[in-house]
Amino acid sequence: FRFGLPFILKTSESYVSTEADALRYLNSQFRGKNRLPIPKLYDAIALDGFTYTLMSKLPGQNVLEAQLARKFPFTQEFCDSIAQQVEAIMRPIWALEQPPHFRGKVMISASGHGVVSRWDYNNELVGPLDSALDYYGWHLGVGNGSALLELYPEAEQIFLADRIVFTHSDAYLQNTLILPDGRVSGLIDWENAGWYPMQAQWEIMRSMCLCTKTQYMKAWARLQVSDETLAANGLVWKIRAERPRIY
């Protein structure tokens, strides 16, 4: 908006699994003193193949732009601080229980539909999938959960033990806002958020992309995760080593 109004109007080429769905859910879970630094949803309208979402504008500049403008020295200490602040925002979200009608399902958005996967560049909805086994079968190029268990029987115990969490699948530097004093002021772009195993969230944060600096990846690699998430991650990399594919 012009004239300095504190609103953002965002357009999405989808009627389902939109940012409005994610924000509506998260805004309902975190109110008052428990409110998180994420956009507040005001309204959303579906029209002619698009969803128009009106939300609050958060203060600050995204970390990538701030770094390119040389406003901060991009040291490991700086990246550690950013990662720790983002983790503090995400921890309450990861603690949310899945709604009963979603229980156990993954790659499912707040609207109950599939999600656009961080790992799929076709920009098409994938899911919902019935279990974490189906997710890892798809993600690792094995097929479905049954095919995965035929090859790796231990996957049932290991992958199903990892907690399913509501995930920001694009929480990179370009979607992390920062104030001049180095404080993180918010996380934006929740369009592809959904329920995934915690291992997937950890992997997303540690993965390389054009907008992620090596120091930031190292900061997330030091994130304290559960033994179940570590075990799931170990099996993921074992399968990848034995069944290489292009990601």
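Residues numbered from 1 in each chain as written. Predicted model: local features only at pLDDT ≥ 70, side-chain atom pairs only at ≥ 80, totals over all residues. Heavy atoms only, no water.

Looking at the overall build of the chain
Link 1 in the chain: For the chain, the helix and strand inventory stands at nine helices and ten strands.
Link 2 in the chain: Counting only C-alpha atoms and orienting by the principal axes, one finds that the chain spans roughly 60 × 45 × 35 Å.
Link 3 in the chain: Restricting to contacts in the chain with at least 6 residues of sequence separation, those with at least 24 account for 69%.
Link 4 in the chain: Summed over its atoms, the accessible surface of the chain is roughly 12,600 Å², and 54% of this surface lies on carbon and sulfur atoms.
Link 5 in the chain: In the chain, 24 side chains carry a positive charge and 26 a negative one; their mean positions are 8 Å apart. (Helix = DSSP H or I, 4+ residues; strand = E, 2+ residues; numbered from the N terminus. Contact = heavy atoms within 4.5 Å. Areas by Shrake-Rupley, 256 points an atom, 1.4 Å probe, with all protein chains shown as cover. Lys, Arg positive; Asp, Glu negative; His and termini not counted. Charge placed at Lys NZ, Arg CZ, Asp CG, Glu CD.)

Topic: helix α4 (residues 132-139)
Link 1 in the chain: The element α4 is largely enclosed, with a buried count of seven among its eight residues.
Link 2 in the chain: Close packing links the buried residues of α4 with α5 (145-151), α6 (155-161), β10 (194-197), α7 (198-206) and α9 (227-242).
Link 3 in the chain: With a side-chain oxygen lying 3.2 Å from the backbone nitrogen of L133, the N-terminal cap of α4 falls on S131.
Link 4 in the chain: Count one or two residues on from α4 and you reach G141, which has phi positive near 75°. (Buried < 20%, exposed > 50% of the residue type's maximum accessible area, 1.4 Å probe, protein only. Polar contact = N/O pair within 3.5 Å; in protein donor to acceptor, adjacent residues only side chain to side chain.)

Let's talk about the nonpolar core
Link 1 in the chain: Core analysis: the biggest nonpolar cluster contains 69 residues, and L26, I93, Y136, L148, F159, W190 and Y216 have the highest contact counts within it.
Link 2 in the chain: Here this core takes nine residues from helix α3 (residues 76-94), the largest share from any one element.
Link 3 in the chain: Not counting residues within four places of it along the chain, the set of residues in contact with L148 comprises L133, Y136, G137, V142, A155, F159 and I239. (Core = buried A, V, L, I, M, F, W, Y, C linked by side-chain atoms within 4.5 Å.)

So, the sheet that holds strand β3 (residues 50-56)
Link 1 in the chain: With antiparallel pairing, three strands are arranged side by side in an open sheet as β1-β3-β2. Strands at the two margins of the open sheet, each flanked by one partner only, are β1 (7-12) and β2 (41-47). Across the sheet, the mean angle from the axis of one strand to that of its neighbour is 15°, orientation sign disregarded.
Link 2 in the chain: As judged from the six bridges shared by β2 and β3, these two strands associate in the antiparallel manner. Note that in β3 the partner of L47 across the bridge is F50. (Pairing = 2+ DSSP bridges. Axes fitted to C-alpha atoms, helices over the stretch in contact; angles between N-to-C directions.)

What to know about the packing of α7 against α9
Link 1 in the chain: For the pair α7 and α9, the least separation of the axes is 9 Å and the interaxial angle reads 70°. When the axis of α7 is compared with that of α9, the two are roughly perpendicular. Taken as a pair, α7 and α9 cross one another with a handedness that is right-handed. Mapping the contact onto sequence places M198, Q199, W202, E203 and R206 in α7 and T229, L230, A232, N233, V236, W237 and R240 in α9.
Link 2 in the chain: Of the residues in the contact of α7 with α9, the class split is six nonpolar, three polar and three charged. (Parallel < 35°, antiparallel > 145°, perpendicular 65-115°, else oblique. Left-handed = near helix turned anticlockwise from the far one by under 90°. Nonpolar A, V, L, I, M, F, W, Y, C, P; charged D, E, K, R; others polar.)

Some remarks on the packing of aromatic side chains
Link 1 in the chain: Applying the stated criterion across every chain, the model contains eleven aromatic pairs.
Link 2 in the chain: Seen from their ring centres, F7 and Y42 are 5.4 Å apart, and the 80° between their planes marks the pair as edge-to-face. Pair noted here: F7 is in strand β1 and Y42 is in strand β2, with a separation of 35 residues, a long-range link.
Link 3 in the chain: On the accessibility criterion, F7 (28% relative accessible area) is partly exposed.
Link 4 in the chain: Ring geometry for F50 against Y52: centres 6.3 Å apart, planes inclined by 45°, an arrangement best described as tilted.
Link 5 in the chain: Residue class for Y52 comes out partly exposed when judged on its relative accessible area of 29%.
Link 6 in the chain: One aromatic cluster is present, built from ring pairs that chain together Y135, Y136, W138, F159 and Y196.
Link 7 in the chain: Taking NZ or CZ as reference, R240 lies 4.6 Å from the ring centre of W237, over its face. (Phe/Tyr/Trp six-rings, centres within 6.5 Å; stacked < 30°, edge-to-face > 60°. Lys NZ or Arg CZ within 6 Å of the ring centre and 35° of its normal.)

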